[in-house]
Every structure is written in C-alpha cells, then in structure tokens.
Amino acid sequence: MTNQDILYKLPYSKPFLFVDEIISIDENGVEGTYTFDENLDFYSGHFKDNPVTPGVILTEVMSQIGLVCLGILLLNESLNKNIAIALTSTDIEFLKPVFPKEKVTVFSEKIYFRFGKLKCKVIMKNEKGEEVCTGIIAGMIISK
Amino acid sequence: MNKEQTIAELKNIVKPYIANQEAFDTLTEDTDFINDLKINSANLVDVILDIEEKYDIIIDNEAMERMINVKAALEIIETKLSEKM
C-alpha cells in the first residue's frame, strides 16, 4: 500500500481532513504533516480577534495522522465498509500554541496493536522542531 | 497457583480501569469485568496485556473472548502457566 493509497482511504473530507502528507510509514509508526489553513472556520471564534488552534483540533490532527493512517496500514486487506476505527482514549499535554498557517509534523510510534486496539505514543512538532504536544492516543476497530 | 493470592493480584491489575468501586470492593470469582466492574471494552485490552506481562504468558484471541469474569481469568492464567511448565 502506497502513502497515497492510505490518504485516499482516510474517512475524512474538508473541513475535517487534517492530513496533508505522509512522510514515512511502516508497521511500527508513521510521520506526517499538516498545515493549518488560516481560513479554517474555528479561528474566527478561538479566540475573538486572536486566532489560536484549539487543543481538540491538535488532538484530532495527532489522531488522524498518528492513529488512523497507521490503523489503515495495519488493517490493510481486512479494512472494509463494515468496520470503523473509533477513538477510545487520549492523554495529551499541550506545550506550545499553534497559530494559523503553521505547518506541524506528527510522529507516532506504535505501543501495541492487539485484539483490535491500537495504542500509540504521539508527538507533534512545529517548523522550528519544537514539541508542541505529546501524549498517548488509542483507538479500536468496531463493527458497524 | 494460590487462588486467593491470584485474585488479589488481579484486583491490583484491574484497579486503574474500573468504574464501579462497590463491585470492586466486593469482588468475587463471579464478578464480571464489563457488567459488574464497568471496565470498558477498550480498557479490557489493557487489562489482558497487563495480565500477560504480570504472569509472562501469551493470551490468544480465543482466550481473550472467554475472559469475561474473574473465574475465567483465573482458569486461563492457570492453564497458560501450566503450559509453560
């Protein structure tokens, strides 16, 4: 499966697709990027006259790149219309603010993939290479 | 394998994941992980992996599906430990 195949299989679309590029991916982890479009709707309200990317959106970016892209690779052939990947837990620390137009890189390392549950250690860095958030994210395969 | 001791060890393992303190305090062999202790299915995977680590055993999918209560967990741990002998 190519990186492009994985992007194509992501179950998201605008305005809730938060993966631009997969830099590298294998069964043990993934690295990918996303650039925050300044026209994203939430910036007009978070905060008033002071746009900062909400923590829930940073968490979503980390989940889409770090968990869902890797989950698609790991499930490979067994992925079909009858199953979905559901987020089950997040434990994230937010270290620095992320502003509109910033490009972030997400690094995810598989802790385990057992009994349909994928748990990863995920780090997001900004263009200066500074860690902006780190944590543990887990998801599970569910039958629809 | 000492049953009382293993139950005490199991209690220690499930403790971080339980959502029903009363069922935990009165835990017996018949206590069900999901229905009584209210451990969610995602966290049950962590319970199983913690059991694997604690007893240095491998729990397969078939055993995982059977591990619904304390009694089943004790049986599976005992079986897997005896297979190692």
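- Looking at an unreviewed UniProt entry, one finds chain B named Acyl carrier protein and attributed to Flavobacterium tiangeerense.

- An unreviewed UniProt entry lists chain A under the name 3-hydroxyacyl-[acyl-carrier-protein] dehydratase, from Flavobacterium tiangeerense.

## Details of the packing of aromatic side chains
Argument step 1. In total, this model carries four aromatic pairs over all chains according to the counting rule given.
Argument step 2. Seen from their ring centres, Phe-16 of chain A and Phe-18 of chain A are 5.0 Å apart, and the 75° between their planes marks the pair as edge-to-face.
Argument step 3. We classify Phe-18 of chain A as buried; its relative accessible area is 0%.
Argument step 4. An aromatic cluster is defined as three or more aromatic residues linked by ring pairs; in this entry it consists of Phe-16, Phe-18, Tyr-34 and Phe-36 of chain A.
Argument step 5. The ring of Phe-107 of chain A carries Lys-125 of chain A above its face, with NZ or CZ at 5.2 Å from the centroid.
Argument step 6. The positively charged end of Lys-11 of chain B is found above the aromatic ring belonging to Phe-24 of chain B, 4.8 Å away from the centroid.

## What about helix H2 (residues 55–75) of chain A?
Each turn of an α-helix holds 3.6 residues, which means side chains three or four residues apart point in the same direction.
Residue and element names in this part refer to chain A.
Argument step 1. Taking 1.5 Å per residue, 21 residues should reach 30 Å; H2 reaches 28 Å between its end C-alpha atoms and fits that length.
Argument step 2. Most pronounced at Ser-63, the bend in H2 amounts to some 30°.
Argument step 3. The buried fraction of H2 amounts to 18 of the 21 residues, a majority that puts the element mostly inside the structure.
Argument step 4. Immediately beyond the C-terminal end of H2, within one or two residues, lies Asn-76, with a positive phi of roughly 40°.

## Section: helix H1 (residues 3–14) of chain B
All names here are of chain B.
Argument step 1. An ideal rise of 1.5 Å per residue puts 16 Å on twelve residues; H1 measures up with 16 Å between its terminal C-alpha atoms.
Argument step 2. For H1, every residue scored as buried is listed here: Thr-6, Ile-7, Glu-9, Leu-10, Ile-13 and Val-14. The arc that holds every buried residue of H1, seen down its axis, measures 160°, which confines them to one face. Exposed side of H1, more than 90 degrees from the buried face: Glu-4 and Asn-12 are the residues found there.

## Quick notes on the interface of chain B and chain A
Argument step 1. Counting from both sides, the interface comprises twelve residues of chain B and, opposite them, seven residues of chain A.
Argument step 2. A combined buried area of about 750 Å² lies between chain B and chain A, and 64% of that area is made up of carbon and sulfur atoms.
Argument step 3. For Arg-114 of chain A, the salt bridge goes to Glu-52 of chain B, with nearest N and O atoms at 2.8 Å.
Argument step 4. At the boundary of chain B and chain A, one finds six residue pairs in polar contact (both at pLDDT 80 or more).
Argument step 5. Among the elements of the structure, helix H3 (41–55) and helix H4 (61–66) of chain B are those that each provide at least two residues to the side of chain B that touches chain A.
Argument step 6. Broken down by element, the residue count for the side of chain B that touches chain A peaks at eight residues, all from H3 of chain B.
Argument step 7. Along the lines of polarity and charge, the residues of the side of chain B that touches chain A split into six nonpolar, three polar and three charged.

Definitions and cut-offs
Residues numbered from 1 in each chain as written. Chains lettered and ligands numbered in written order. Predicted model: local features only at pLDDT ≥ 70, side-chain atom pairs only at ≥ 80, totals over all residues. Heavy atoms only, no water. Phe/Tyr/Trp six-rings, centres within 6.5 Å; stacked < 30°, edge-to-face > 60°. Buried < 20%, exposed > 50% of the residue type's maximum accessible area, 1.4 Å probe, protein only. Lys NZ or Arg CZ within 6 Å of the ring centre and 35° of its normal. Helix = DSSP H or I, 4+ residues; strand = E, 2+ residues; numbered from the N terminus. Expected span 1.5 Å × (residues − 1). Bend = angle between axes of the 7 residues up to and from the residue. Arc of directions from axis to C-beta. Contact = heavy atoms within 4.5 Å. Buried area = accessible area lost by both parts, 1.4 Å probe. Salt bridge = Lys/Arg side-chain N within 4 Å of Asp/Glu carboxyl O. Polar contact = N/O pair within 3.5 Å; in protein donor to acceptor, adjacent residues only side chain to side chain. Nonpolar A, V, L, I, M, F, W, Y, C, P; charged D, E, K, R; others polar.

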